[in-house]
Amino acid sequence: MRRSISIPLGIMAAGTAGLAYAAGVEVNLYRLRRFSIPLLAPQAQPFRILQLSDIHMVPGQRRKKAWLSSLAELRPDLVVNTGDNLSHPDAVPEVISTLEPLMQLPGVFVFGSNDYFQASRLNPAKYLRPGDRSHAPRRKRAENDWPAMQAAFTKAGWLDLTNTRATLDVPGHGTLKFVGVDDAHVRRDRYPAPAQSEDENGESHGHAYGGDERPRDDSPATEASDALTIGVTHAPYLRVLDAMAADGVPLILAGHTHGGQLCVPFYGALVTNCDLDRARAKGLHTHTAGGHTAHLHVSAGCGASRYAPVRFACPPEASLITLLPRAS
């Protein structure tokens, strides 16, 4: 009898210890992941991109704030913020103050659904369902003060890439081109028309996936034909990755997946919270569509929802991606 009782008790003890580790230790083990991609022209100088994603800020997270602010010491050439900065409606000022040192550098951003809408309690079991999990909001949800965050970012000079194309001159590196979409998880993504793409009536068109989007001017910027193009999206849904790869975009940056957040050692992520396969839940991969292959980097992010503040076998992260010249 003692043996039959000890086994369940042992499992319970192991589960309790694992939960305590996930909630009290690993969720605060911030790390910087480094990747290199030979993508630039043979004579170009290396170009360093710092990608931040899924901060999910809650007031009072002093350790997270200090770590994020310290990343400015890396002096990257470009900062890319792939959204979900918030997990509490009162955290907007803390996001702005935390990222202020990084906003002194060239940057671009898109938002995720948690930037727009206040976090809510969800049934964790729903994340185990496979397939395309994007959806338009079924009911009106309380909004965060995302316009204040958007205004702070753009005032600092960061480009808002919501469903648009844009160019950015980076000191010492020339012109970069960008194509970005809004959060596909809540069907706000509308792939922007290529620059100068007009029909016979002179009207520009883009490929629309449907859903709402915040008002903005989507007129494509004047682009340098020889500039590197970077695709930026919050959620790496296949429809977005297919559109960017088929468009010839050589590098795509995304977040949203949290790397699975709760992973199994030596197995990896159980879910991605989108239709991306588990093998590409985080890290550097490729994606092929329309005869073109793009480098795809999916950030596991550095936060978690305040209603699920745990991580296991998937530490919080930011990524420093160095673009290197191709061999002659």
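1. A look at the packing of aromatic side chains
Aromatic ring pairs are defined here through the distance separating the ring centres and the angle between the ring planes. Enumeration according to the criterion identifies 8 aromatic pairs in this entry. Seen from their ring centres, Phe-109 and Phe-111 are 5.3 Å apart, and the 40 degrees between their planes marks the pair as tilted. Residues Phe-111 and Phe-153 carry aromatic rings whose centres are separated by 6.3 Å and whose planes lie at 55 degrees to one another, so their mutual orientation is tilted. Of this pair, Phe-111 sits in the loop between strand E4 (107–109) and helix H4 (113–116) while Phe-153 sits in helix H5 (residues 146–155); the two residues are 42 residues apart in sequence, bridging distant segments of the chain. Relative accessible area serves as the criterion here: at 0%, Phe-111 is assigned to the buried category. By relative accessible area, which is 0% here, Phe-153 ends up buried.

2. What about the pairing of strand E6 (residues 164–170)?
Counting buried residues along E6, 5 of its 7 residues qualify, which places the element largely inside the surrounding structure. Bridge count between E6 and strand E7 (residues 174–180): 7 bridges; the pairing is antiparallel. Its bridge partner lying in E7, Val-170 is registered against Gly-174. In this antiparallel pair of consecutive strands, E6 and E7, the connection spans 3 residues, and Gly-172 shows a positive phi of 85 degrees.

3. With respect to the confidence of the model for the chain
Per-residue confidence for the chain gives a mean pLDDT of 86, with 78% of residues at or over 70. Counting contacts from residues 11–15, a segment whose pLDDT is below 50, to residues more than four positions away or on other chains yields 0 contacts. Within the model, the stretch residues 197–225 combines pLDDT values under 50 with 64 contacts to residues more than four positions away or in other chains.

4. Let's talk about the side chain of His-256
Along the chain, the position of His-256 falls in the loop between strand E11 (251–254) and strand E12 (263–264). According to the relative accessible area criterion, His-256 is buried, its value standing at 5%. A distance of 2.9 Å separates a polar side-chain atom of His-256 from the backbone oxygen of Asn-273. Every residue in contact with His-256, bar those within four places of it in the chain, is listed here: Ser-53, Asp-54, His-185, His-234, Ala-235, Pro-236, Thr-272, Asn-273 and Cys-274.

5. Some remarks on the sheet that holds strand E2 (residues 47–52)
With respect to topology, 6 strands assemble into an open sheet ordered E1-E16-E2-E3-E4-E5, the strand pairing being mixed. In this open sheet, the two strands that pair with only one neighbour each are strand E1 (31–40) and strand E5 (159–160). Bridge count for E2 against strand E3 (residues 78–81) is 4 bridges, and the pairing is parallel. Bridged to Ile-49 within E3 is Leu-78.

6. A short note on the nonpolar core
Core analysis: the biggest nonpolar cluster contains 29 residues, and Leu-52, Leu-68, Leu-71, Leu-102 and Phe-153 have the highest contact counts within it. Those elements that provide at least two residues to this core are E2, helix H2 (62–70), helix H3 (92–99), H5 and strand E16 (317–325). Residues within four places of Leu-52 in sequence aside, it is in contact with Leu-68, Leu-71, Val-79, Val-80, Asn-81, Thr-82, Leu-99, Leu-102 and Ala-318. Ranked by size, the runner-up nonpolar core spans 23 residues in total, among them Ile-37, Leu-176, Ile-230 and Ile-321.

7. Focus: the packing of H3 against H5
In the contact formed by H3 and H5, the axes pass within 9 Å of each other and the chain directions differ by 15 degrees. One way to sum up the angle between H3 and H5 is to call them roughly parallel. Between H3 and H5 lies a crossing of right-handed hand. Residues Val-92, Val-95, Ile-96 and Leu-99 of H3 form the contact with H5, whose own contacting residues are Ala-148, Met-149, Ala-152 and Phe-153.

Criteria and thresholds
Residues numbered from 1 in each chain as written. Predicted model: local features only at pLDDT ≥ 70, side-chain atom pairs only at ≥ 80, totals over all residues. Heavy atoms only, no water. Phe/Tyr/Trp six-rings, centres within 6.5 Å; stacked < 30°, edge-to-face > 60°. Helix = DSSP H or I, 4+ residues; strand = E, 2+ residues; numbered from the N terminus. Buried < 20%, exposed > 50% of the residue type's maximum accessible area, 1.4 Å probe, protein only. Pairing = 2+ DSSP bridges. pLDDT = per-residue confidence, 0-100. Contact = heavy atoms within 4.5 Å. Polar contact = N/O pair within 3.5 Å; in protein donor to acceptor, adjacent residues only side chain to side chain. Core = buried A, V, L, I, M, F, W, Y, C linked by side-chain atoms within 4.5 Å. Axes fitted to C-alpha atoms, helices over the stretch in contact; angles between N-to-C directions. Parallel < 35°, antiparallel > 145°, perpendicular 65-115°, else oblique. Left-handed = near helix turned anticlockwise from the far one by under 90°.

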